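Each chain, written out:
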Amino acid sequence: MTLTNSRALGAAVAATLGLTLLSGCGGTDAATVPDGWGTLDTKSVSVGYPEDEGYAPQPATERSKANAAVALKEDKGVRTGMVSVQLNFATGVSDAGEAAAAAGAGIGLGATRKDTQDVRLAGEESAREARRIDYEFTSTGEESTPAKGTRMTGVVVAGVDSKDVPFAIRINAVKDALSPADLDSFVESITVK
């Protein structure tokens, strides 16, 4: 091999390495969804739900118009768990803090906030910042929810996607039905588009 050929080879390797590094910046890595889980996929976000624990997607014809996607866990006709995705639920929202404030307002009276923290989601680099609110509330017993007075666990993750559309992902379940690790798995399964 001549000196000219080895320089050309070295330049080609350096160019390839440079392109690889550049393409890795600002990437759109997808979140890891645990084995046995399905995915609710919308134009702004996707989130996992545990199919192997009895959660199943709710048909569009049955879900509230406010929800872009829903997975439910039902036990004898009672909704004991729910994962829902709301998109474009507030106006004038431009960042995760504003989205969380708007989503937090929808938690409702009587709810007890347990924790609020900033989280970094998988997906589009410009939209990965989000806020997580953990809370508890009491079931009303209405609309196939658990008996009135049943304590419930809730988590909402709110942010703004890469096209400035606010999103809120809510996880609700009978208290202690989901462990802290389970709730973390829901959050870690979110990909922002």
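Our subject is the structure listed above.
If you're wondering where the values come from, they're calculated on a predicted model, not measured in any experiment.

Engineer: Could you clarify how one ought to interpret the layout of surface pockets in this entry?
Structural biologist: Where empty space is left becomes clear once a probe the size of a water molecule has been rolled over the atoms. Reported here for the largest pocket is a volume of approximately 750 Å³. The wall of the largest pocket is formed by 33 residues, among which Met 82, Phe 137, Glu 143, Thr 145 and Asn 172 lie closest to the centre. Breaking the lining of the largest pocket down by element, the ones donating at least two residues are β4 (69–75), β5 (78–87), β8 (129–138) and β10 (166–174). When residues in the lining of the largest pocket are grouped by element, the largest group, six residues, is from β5. Tallied by class, the residues present in the lining of the largest pocket amount to 12 nonpolar, 15 polar and six charged. In this structure, the second largest pocket spans a volume of roughly 180 Å³. Taken together, Trp 37, Pro 50, Glu 53, Tyr 55, Lys 73, Thr 80, Ala 173, Val 174, Ala 177, Leu 178, Asp 182 and Phe 186 form the lining of the second largest pocket. If you list the elements that add at least two residues to the lining of the second largest pocket, you get β10 and α3 (180–188). Partitioning the lining of the second largest pocket into residue classes produces eight nonpolar, one polar and three charged.

Engineer: Even after reading the chapter, I still don't get the packing of aromatic side chains, so can you show me in this structure?
Structural biologist: Each aromatic ring pair is summarised here by two numbers: the centre-to-centre distance and the angle between the ring planes. If you walk through the whole model with that rule in mind, you get three aromatic pairs. Plain terms: the ring middles of Trp 37 and Phe 186 are 5.0 Å apart, the flat faces sit at 50° to each other, and that makes the pair tilted. Here Trp 37 is found in the loop between α1 (3–24) and β1 (38–41), whereas its partner Phe 186 is found in helix α3, with 149 residues between them in sequence. The burial state of Trp 37 is the same as that of Phe 186; both residues are buried. The structure contains a cluster of three or more aromatic residues connected by ring pairs, namely Trp 37, Tyr 55 and Phe 186.

Engineer: Looking at this model, I keep getting lost on unusual backbone geometry. Mind explaining?
Structural biologist: Residues other than glycine predominantly adopt negative phi, and peptide bonds predominantly adopt the trans conformation. Of note, Glu 143 is a non-glycine position whose phi angle comes to about 50°, a positive value. Even without a glycine there, the phi angle at Ser 144 is positive, about 65°. Residue position: Ser 144 is located in the loop between β8 and β9 (151–160). Assessed through its relative accessible area of 39%, Ser 144 is described here as partly exposed.

Engineer: I'm lost on the environment of Lys 43 in this one. Help?
Structural biologist: Note that Lys 43 resides in the loop between β1 and β2 (45–49). Using a relative accessible area of 70% as the deciding quantity, one classes Lys 43 as exposed. On a C-alpha basis, the gap between Lys 43 and Ala 68 in space is 9.0 Å, while along the polypeptide they are 25 residues apart. Setting aside chain neighbours within four positions, we find Lys 43 in contact with Leu 87 and Lys 193.

Engineer: I would appreciate a short explanation of the side chain of Asp 161 in the present structure.
Structural biologist: When you line up the elements, Asp 161 lands in the loop between β9 and β10. Although Asp 161 is buried, it forms no salt bridge, and the closest oppositely charged side chain is Lys 163 at an N-O distance of 6.7 Å. Engagement of the side chain of Asp 161 in a polar contact is seen with the side chain of Ser 44, the distance being 2.5 Å.

Rules behind the numbers
Residues numbered from 1 in each chain as written. Predicted model: local features only at pLDDT ≥ 70, side-chain atom pairs only at ≥ 80, totals over all residues. Heavy atoms only, no water. 1 Å grid on protein atoms, 1.4 Å probe; cavity = no way out; pocket = protein on both sides within 12 Å on 5 of 7 lines; lining within 4 Å. Points joined across faces, edges and corners; volume = space filled by probe spheres on them. Helix = DSSP H or I, 4+ residues; strand = E, 2+ residues; numbered from the N terminus. Nonpolar A, V, L, I, M, F, W, Y, C, P; charged D, E, K, R; others polar. Phe/Tyr/Trp six-rings, centres within 6.5 Å; stacked < 30°, edge-to-face > 60°. Buried < 20%, exposed > 50% of the residue type's maximum accessible area, 1.4 Å probe, protein only. Contact = heavy atoms within 4.5 Å. Lys, Arg positive; Asp, Glu negative; His and termini not counted. Salt bridge = Lys/Arg side-chain N within 4 Å of Asp/Glu carboxyl O. Polar contact = N/O pair within 3.5 Å; in protein donor to acceptor, adjacent residues only side chain to side chain.

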